[in-house]
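Listed below are the residues making up each chain.
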Amino acid sequence: MPRVSFADIDPETADDEMVLGWASNNRFINDDSEFYVFADLDWEVDFGALTSIKMGLKHTDHDRDVNVTYGQRRALLSWTAPGLTACDGHVCTLADVQGGLTPGDFLDGIAGSGTLRSYLQASQGRIEGVYAGLPPAATWDSAFGAVQDAGCIGLLNCNHFGPLESFTLNEKTFGGYVMGRFEGEGWRGNVGVRVVQTKVDTSAWLVGVPVNTPGAVNNPFGVIAPNAQSKEYTDVLPSLNFSFDLTDDLVLRLAAGRVMARPDYAQMAGFVSLTPTLLTGSGGNPDLDPYRANQFDASLEWYFAPQSVLAAAYFYKDISTYIVQGGNIERQPLETNNPADPRITNAANNCVASGPNLYTCDYRIGRPVNVPGGRVQGIEFSYQQPIWNGFGVIANYTYSDGESDSGVPIPSLSKHAYNLTGYYENERLSVRLSYNYRSEFFADYDAERGFRALYVDETTSLDGSLNITLTKNASLTFDAINLADERIEEYYDDDKGRPARFYLNGRTFYAGVRLSF
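Cut-offs applied
- Residues numbered from 1 in each chain as written.
- Predicted model: local features only at pLDDT ≥ 70, side-chain atom pairs only at ≥ 80, totals over all residues.
- Heavy atoms only, no water.
- Pairing = 2+ DSSP bridges.
- Helix = DSSP H or I, 4+ residues; strand = E, 2+ residues; numbered from the N terminus.
- Axes fitted to C-alpha atoms, helices over the stretch in contact; angles between N-to-C directions.
- Patch = residues over 30% accessible without salt bridge, like charges linked within 9 Å, V, L, I, M, F, W, Y side chains within 5 Å.
- Areas by Shrake-Rupley, 256 points an atom, 1.4 Å probe, with all protein chains shown as cover.
- Salt bridge = Lys/Arg side-chain N within 4 Å of Asp/Glu carboxyl O.
- 1 Å grid on protein atoms, 1.4 Å probe; cavity = no way out; pocket = protein on both sides within 12 Å on 5 of 7 lines; lining within 4 Å.
- Points joined across faces, edges and corners; volume = space filled by probe spheres on them.
- Nonpolar A, V, L, I, M, F, W, Y, C, P; charged D, E, K, R; others polar.
- Core = buried A, V, L, I, M, F, W, Y, C linked by side-chain atoms within 4.5 Å.
- Buried < 20%, exposed > 50% of the residue type's maximum accessible area, 1.4 Å probe, protein only.
- Contact = heavy atoms within 4.5 Å.

Draft legend 1. The arrangement of the sheet that holds strand β25 (residues 499–504) in detail. Spatially, 4 strands are ordered β20-β21-β24-β25 in an open sheet, and the strand pairing comes out antiparallel. Single-partner strands in this sheet number two, and they are β20 (441–446) and β25. Averaged over all adjacent pairs, the angle separating strand axes in this sheet is 25°, with direction ignored. Pairing between strand β24 (residues 487–492) and β25: 5 bridges, direction antiparallel.

Pasting the structure below:
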């Protein structure tokens, strides 16, 4: 457990020596929109076992625009002079913005001996009041050679474009499919293929480029220019599904197909978010390929009574690629007014002055990368049966075994997972209580902590739901998540003796009214 103590500061007292170390009023604007159009045709035929042909086309056009403004307020800082101040003419300290102490139950169930649990917090309202005491902020003029407003000289009270986290991304997809449905005595199924083309165009910003770079503009971080990148790929995704009635209550199902899942939009953008205190950061990768796999499933289902089933299934997935965090050394900006800062003086960081209070240093940046895939196989068992007078039980268990081609663990793969649900249902009322369990799994590499392998310990959750039907058009719903307030623990290097983080996420409750017309 981390232990913190202070030699000459009382963490519960507002001390004038605890001066404001940094001040900014940043704004993040995220615009996300998608246009899509699709058409499907279902043609019933009578060609022997072929009963229908279905086909369709779909087009999507998705835009994400992230625009960041850095609101620099260095007039509030002790190391910026001369400048405005909004703290009654003196350097702003914790005494000017103090709020209450941490809650009395802060870190309950997490803290150990010596853990700092009680300290004075800053008040959001008082901080906003300090900012309100400043004149309206000036706006940075990005033109080369521009004469800046007084507020932007030394960034005393200035809004300027934040190039690091800002990016634009457009993803267009065009796909089509054709599928035939088949049916015979005691069997049914479908065979089809989908072809989909994906094109991604993204633009982020490069910092510290030559002045003659196309699109270059001035910025407090130095000269910046847009960096456009594109990625295009086409996938052919065949699939088949068949069911066979072995007896009146025994069904065999077989399925096979090739599947793909695209990365998240932010993973595909070329932005970067920095942690200057550690000279680390993370960002996206415009060159990412999607997740791809060939998968096969077989199940045997026994419907031994009304509303009852006992089933066993086997699955196999041949993964061609998946995504984890990879690390590289990149040149990124560092702001500091202290030339003796250890980050600057450490030769290993290769820091070079690039402007007033501005340096360019080596950062360890984590970006998602594709790694060779592997194989996942396992078995599933499921059971459902009413017990008595509206009461019933549902249970399932999954065992998964994975093997990686690259030695990189397969993310989010738990060896064991099960769910046990008890329910009560009648015409007016539906109640469920579920206990969920999954064993430990590899999460990813931690870009902020030397790219150590990060694992999540076994997790459990007790969840409940209640639905009350008032009329055929109205119902009440109530859901409760994590009723037992279970703790989530993460650790490094597949060693529970190397704890990384503890989370108590609390209980979550949802209540609603559902109407239909």
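Draft legend 2. How the structure looks around a nonpolar patch on the surface. On the surface, Leu-41, Trp-43, Phe-47, Met-55 and Val-178 cluster together into a nonpolar patch covering about 500 Å² of accessible area. Ranked by residues supplied to the nonpolar patch, first place goes to strand β1 (residues 27–47) with 3 residues. Note that Trp-43 resides in strand β1.

Draft legend 3. Fine view of the layout of surface pockets. Taken as a whole, the largest pocket spans an internal volume of roughly 480 Å³. Broken down by secondary-structure element, the contributors of at least two residues to the lining of the largest pocket are β2 (50–72) and β14 (309–335). Examining the composition of the lining of the largest pocket, we find that 3 residues originate from one element, β14, more than from any other. Residue composition of the lining of the largest pocket, by class: 11 nonpolar, 7 polar and 4 charged.

Draft legend 4. Expanded view of the nonpolar core. Formed by 24 residues in total, the largest nonpolar core has its most connected members in Phe-167, Leu-169, Cys-361 and Tyr-363. Listed by contribution, the elements that provide at least two residues to this core are β2, β7 (167–184), β8 (187–207), β11 (272–275) and β16 (358–388). The residues contacting Phe-167, other than those within four sequence positions of it, are Arg-64, Asp-65, Val-66, Ser-203, Ala-204, Ala-266, Ala-269 and Phe-271. If you look at the next biggest cluster of nonpolar residues, it comprises 13 residues, including Ala-293, Phe-315, Val-408 and Ile-410.

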